[in-house]
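# Observations on the model geometry
For reference, the chains in residue letters:
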Amino acid sequence: MLFCGVVVRVVFTVLLVALAQQARCEKFIDKNGYLKWNLGSNVLVGAETRLEFTFRYCNNKGVLIYQQGEGRNFFALGVNDQRLYIEASIDGLAVEMYVGENVLRNQTHDVTISNLRTLNANTGVIIDGIAYTPEMPTDVVVDLDFSRSILVGETLIGGYESIDQLRLNTQRLKAYPIVCIDFVRAGQTDIDLNDPSSQLGVSDKCVVCLPPSRVTLTKTTSYLEIRVDNTPRSNTIISINFRTKAPDGLLFYFGGPAYLALYMEGGALVLRLNTRGSGADTKYKTTRTTFNDGEMQEVSVTRTGNMATLVDGAGNIIAQVTFGGSQNSGQVLNADRLYVGGFPDANSADLSSDIEVRQSSRGCLEELRFASYNAVEEAPTIINFENQNEASRDVDFSACLESTSCQSYSCTGEGQQCSLGVCECIHGYGVQAQDPLECYNIDDCTPNPCQNGAVGTDKIADYNCTCTDRYKDVNCEMGEFGHLSFPGADGGAFSYSDERCNSSLANGKPLASRFCRIVAVRGALWDKPVNLTCDINLQNLSQVEVNNESALSVVTDLQVLTTQADTISSNDVTIISTIVQDIVNASATEEIGDSLLTTVDNLINVSVTSLQQSQQETRGPTRVVQALETFADTVVLTTEKYTAVRSRVALQAADISPEELDKGQGFAFISGGNDSNSLTEGNVLSFTSKDESDFQQIADISILLPAGISNMIQISDSSEVRLSYTLYNSSSLFVQTSQDAVGTRIIGGRIAGRRVQNLPEPVIITFKPLQDYAKEGRCVFWDFEAEAGQGAWSTEGCESTGEENGRYKCACNHLTNFAVLFNVHGGVFGDHEKPLEVITAVGCVVSIVCLILTLLSFVLTRKSKRGSRTGRHAKNQRLVLINLCVALLAILVIFLIGVNRTASPIGCTAVAALLHYFLLAALLWMAVEAVSIYRAVVLVFDHHVSGNFVIKAVAVAWGFPLVATVSTAGPSSLYQYRMEKFCWLAQEPLIYAFLLPAGLILLFNLLVFVIVMCKLVRNEQGRKQLTAPGDKTDEADRSWLTRQIRRAFSIMALFGLTWVFGFLVISDASPVFAYLFCIFNTLQGLFIFVFHCAMREDMAKWWQKINCINGKSKRGRYQLAKGGTPFSPAAETPETIALSNV
């Protein structure tokens, strides 16, 4: 028996191992390949709880798993720079996070990710047995659930069909990883990698990552003939990577007699196609002319029939041709040879005469891929240059040898070197002549960089200063500053002395600063150091007189004092703005501008609360922006243009002629392609309208003035004009009251001394959003004069011209600061948001008017009450209704005036507290109404009514809300009391201090409402049976039903039962309940006016008296059971009261 048990366990274990091996299925997915599951497969359901996979990859980055969703929703996981990385967009919220490290190329990694649902720090990651904590570039919380309808779409593993298919927000995963995947498990279910809906470039055997095949083209006559399958087929794919500095050269020619060719001409790529083999071909030349910049270029040509498309490494289409005018996808290409890098005989008739460039593209070729197929798509396979080489000339297969690519000519002149197919001047030499190339040693001592009388000696790409006895350091600038040492700094940045102030008040402040200035030709040079004042703060600095002599010292101190942005208060912001204005008015040199830009850069990082309060009180942030624009208008230029770039702000100013201005001047920022969002990590540059299409396609943000603008703004003389641009990385200094989000950088342009507006041709601005937004953006500009000088975003004169390539394009008829605004707070009800806002506003205004009229009615009829005999119920009801009207009136007025006033933190908190107080008070007065009517209808007799009932009601209805409000608003500094986007309670106080008591009150009122209505209905039914004649039964029934409905609405208006719709909105977020809540609650004042003012008997008598109407008064609609006296909660009643027919 023991033996049998052992055998069973062994067999069971073997079966489990066999099943596990069967579940694991290695798949190698090559470049351009993928595994795809169609819509409805839902293979990733469960991955939000646990996702497991094993993989090995070759490329430095790429997407491993991609889940498509509805609209802009998606989930992507891949590798980037040896780290696992996740991007997602769920319900309009974009997430970017690194979830692991040490994910090395060409090594197998086991990955387990748990709790993907929230995509935050709670997500657990284990890679090869080591746990990692996610790093969060974006800090949002989403609800990731692969079973949700918004994520039910196509699933891709190992790659993608087209780059346009990916909705990624960054470039981090936009590549093919070239991956071997062992298995993928979502939740408890293994994904069957053998059963995708479709696949491409997939094999069952994993291969190791081999180094790419490379070849160096050493002469203008270099070429390779590659052995490929040349059977005529309808589809061809050829991709190649290359590096060259030669402006012209053939990249590949697949032809004879028909052909597909790609070559470089003047730095641009030219694509040509002829599928017939005779007649003129079709061609397209790219607008970009920098493919010969020496960097590795990745391009791919896909031919389908008689159409060929050229895309770059990022998947962007850069050229497309169709031979014969209309597309024929079935047309084959009769080509029998593939030549790469050149052609055997440039003068041969086998090379089409349409090809203008017939020489080799000197430089390096890498990773050639080729595919030819008919109906069934195939992924291109990699070509080994050496092994699949049929014939070649003047090539080197060993490596990419930059210096051996100029063998057709020598680069032996002074200061020359060979680099990727061209001769160029080495560092330190300038170009004296181009053809033939002549280089000269740049005199690094002109102008003389040596200071304080030192003599400079020129060297190659360097110089030497011979200092006098009193001075030392590289440029002999040390002396009067004593022995100070400065650490190295990047060009365009400040360095601060290692030596610090001894004073305890200085808090480690450096003794001096110096700027590393970028200089054309020589690279970078140190500015003269500037002494800093040790014992000084912002308050003291504001007392210093700023003039032409002191401006540099003051602005240098200011930039140091603003480095600790988290300690700057709203009052400090105001002081800083005043000092900045004084500096700009006193002097505008480039040295001052460098410190000024650093100060503004620091100020952008100050807390939003401090900036908002300063803006409300003194317009501090606005004055800083205007001062920066004034500086751009007046800065004294020492070179052609002044450009200063910091991480959060950039500025460029130039003096240009009207002729140059009319060429259509532009300014753009292009990110560096890395993970940093800093402006210093990218490039800011100016361009003209002839380069418009290139820059607007690749720039993160750009602005382009219309050509011929000088005539539009009436520049009549030929003198130069000052054109300047400003760029902000965030909207911190543009403090707005709007709840919409600025989703882009902010760019502005100015022509000094000109008010550029009402242009017949628009200024074109393109924006790449900083993150993915579900809502459409609005093109806006910053109106400094709006909101009584506070400033606001405005759409006047601006319109959106569409979205292309992930970039918004705006056209504006004026020149100022521009951005794109997104509605991120109104996403719950989508298109219903605007109608709900209109209904709310109109309803509030109507109710305000009606409540005022209701209160006025009590004033007008107060004299008639003095002489009348009224019961206690009527007196109490009258006072209760007055208090309810006052509370409701206060709510509506405060809501309309203050709910959006978030610019003032203190004022917004006060609005939230007042709304909290009056809403609770109104609800309690509704409860008092319920008690009062219950006594009037159910208990009936006046001896149940306490003489001090109203006094007790006042104490409770006004007192309890005061306690609740003070107890929540008092300690608001200890927690989040109000929302940031609206002046209303935050989630925690909203639930415990408002929704909970409001729910209890409404539950009580609902119970009383049911009891009262039942009592009234029973009484009415009994009376109807006694009074209704037999032949008028139907008419009596209709009259009875009408009275019950009217009576129900009358009591509901007092009890506030329509607030129940608000709770249904919270639980269901249904637009139906939202409309009901907005309509009934905003019109509560109207209902009270109609049922308890306009229909009151005493008001009817007062109106008859005013209009001198003789005769008997009409009987009111609210009647007593016996006496016929009209009933309204505030009307006269006899000693006994009961609701009769309405």
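Above: the structure in question.
Quick look at the structure, then. Note that the structure is a prediction, hence the values are computed from the model and not measured.

Once that is clear, we can look at the pairing of strand β44 (residues 721–728). Burial analysis of β44 places 8 of its 8 residues in the buried class, which makes it a mostly covered element. Going residue by residue along β44, you find Val721, Leu723, Tyr725 and Leu727 tucked away on one face and Arg722, Ser724, Thr726 and Tyr728 tucked away on the opposite face as well. In this sheet, β44 lies alongside strand β40 (residues 649–656) in antiparallel orientation, the contact comprising 8 bridges. What sits directly across from Ala650, in β44, is Leu727. With 6 bridges connecting them, β44 and strand β46 (residues 746–751) associate as antiparallel partners. Its bridge partner lying in β46, Tyr725 is registered against Gly749.

This paragraph deals with the pattern of salt bridges. One pass over the structure, following the stated rule, counts 38 salt bridges. Between Glu366 and Arg214 there is a salt bridge, with the nearest N and O atoms lying 2.8 Å from each other. With Glu366 in strand β25 (residues 363–373) and Arg214 in strand β14 (residues 214–217), this residue pair connects regions lying 152 residues apart in the sequence.

Moving on, we get to the state of the cysteines. For the coordinates displayed, the defined rule picks out 10 disulfides. Across the disulfide, Cys779 is cross-linked to Cys810 (sulfur-sulfur distance 2.0 Å). A torsion of -75 degrees about the S-S bond marks the disulfide between Cys779 and Cys810 as left-handed. Here Cys779 is found in strand β48 (residues 777–783), whereas its partner Cys810 is found in strand β51 (residues 807–812), with 31 residues between them in sequence. Cys810 carries the same exposure label as Cys779, and that label is buried.

For the rest of this paragraph, the subject is the environment of Thr216. Tracing the backbone through its elements, the reader meets Thr216 in strand β14. Sequence-wise, Thr216 and Gly421 are 205 residues apart; in three dimensions their C-alpha atoms are separated by 9.7 Å. Ignoring any residue separated from it by four or fewer positions in sequence, one finds Thr216 in contact with Gly363, Cys364, Asp394, Val395, Asp396, Ala399, Cys400, Leu401, Thr404 and Ser405. Polar contacts involving the side chain of Thr216 include one to the main-chain amide nitrogen of Leu401, which spans 3.0 Å.

This next bit is on helix α7 (residues 620–634). Think of an α-helix as 3.6 residues a turn; residues three or four steps apart then line up on the same face. With 15 residues, α7 should reach 21 Å at 1.5 Å per residue; the first-to-last C-alpha distance of 21 Å fits that figure. Burial runs high along α7: 12 of the 15 residues are buried. Those residues of α7 that sit buried are Gly620, Pro621, Thr622, Arg623, Val624, Val625, Ala627, Leu628, Glu629, Phe631, Ala632 and Asp633.

The terminal C-alpha atoms of helix α4 (residues 570–586) lie 25 Å apart, and with 17 residues this matches the ideal 24 Å at 1.5 Å per residue to within 8%. All buried positions along α4 are accounted for by Ser570, Asp572, Val573, Thr574, Ile575, Ile576, Ser577, Ile579, Val580, Ile583 and Val584. Of the surrounding elements, those touching the buried residues of α4 are α2 (538–541), α3 (551–561), α5 (590–604), α6 (608–618) and α7.

A full pass over the atoms with the stated rule returns 24 aromatic pairs. Here the aromatic rings of Phe53 and Phe55 are separated by 5.5 Å at their centres, their planes lie at 40 degrees, and the arrangement is tilted. An identical accessibility class is assigned to Phe53 and Phe55; each is buried. For the ring pair Phe918 and Trp958, a centre distance of 6.3 Å and an interplane angle of 80 degrees mean the geometry is edge-to-face. Taken together, the residues Phe918 in helix α14 (residues 905–939) and Trp958 in helix α15 (residues 949–969) connect sequence positions 40 residues apart. Classification of Trp958 as buried rests on a relative accessible area of 16%.

Taken in spatial order, the 7 strands line up as β20-β19-β18-β17-β24-β15-β27 in an open sheet, and their pairing is antiparallel. Across the chains shown, the open sheet's two edge strands, defined by having one partner strand only, are β20 (282–285) and β27 (389–393). The average angle at which neighbouring strand axes cross in this sheet is 15 degrees, direction not considered. Pairing geometry for strand β15 (residues 223–226) and strand β24 (residues 337–340), over 3 bridges, is antiparallel.

Rules and cut-offs
- Residues numbered from 1 in each chain as written.
- Predicted model: local features only at pLDDT ≥ 70, side-chain atom pairs only at ≥ 80, totals over all residues.
- Heavy atoms only, no water.
- Buried < 20%, exposed > 50% of the residue type's maximum accessible area, 1.4 Å probe, protein only.
- Helix = DSSP H or I, 4+ residues; strand = E, 2+ residues; numbered from the N terminus.
- Pairing = 2+ DSSP bridges.
- Salt bridge = Lys/Arg side-chain N within 4 Å of Asp/Glu carboxyl O.
- Disulfide = S-S within 2.5 Å.
- Contact = heavy atoms within 4.5 Å.
- Polar contact = N/O pair within 3.5 Å; in protein donor to acceptor, adjacent residues only side chain to side chain.
- Expected span 1.5 Å × (residues − 1).
- Phe/Tyr/Trp six-rings, centres within 6.5 Å; stacked < 30°, edge-to-face > 60°.
- Axes fitted to C-alpha atoms, helices over the stretch in contact; angles between N-to-C directions.

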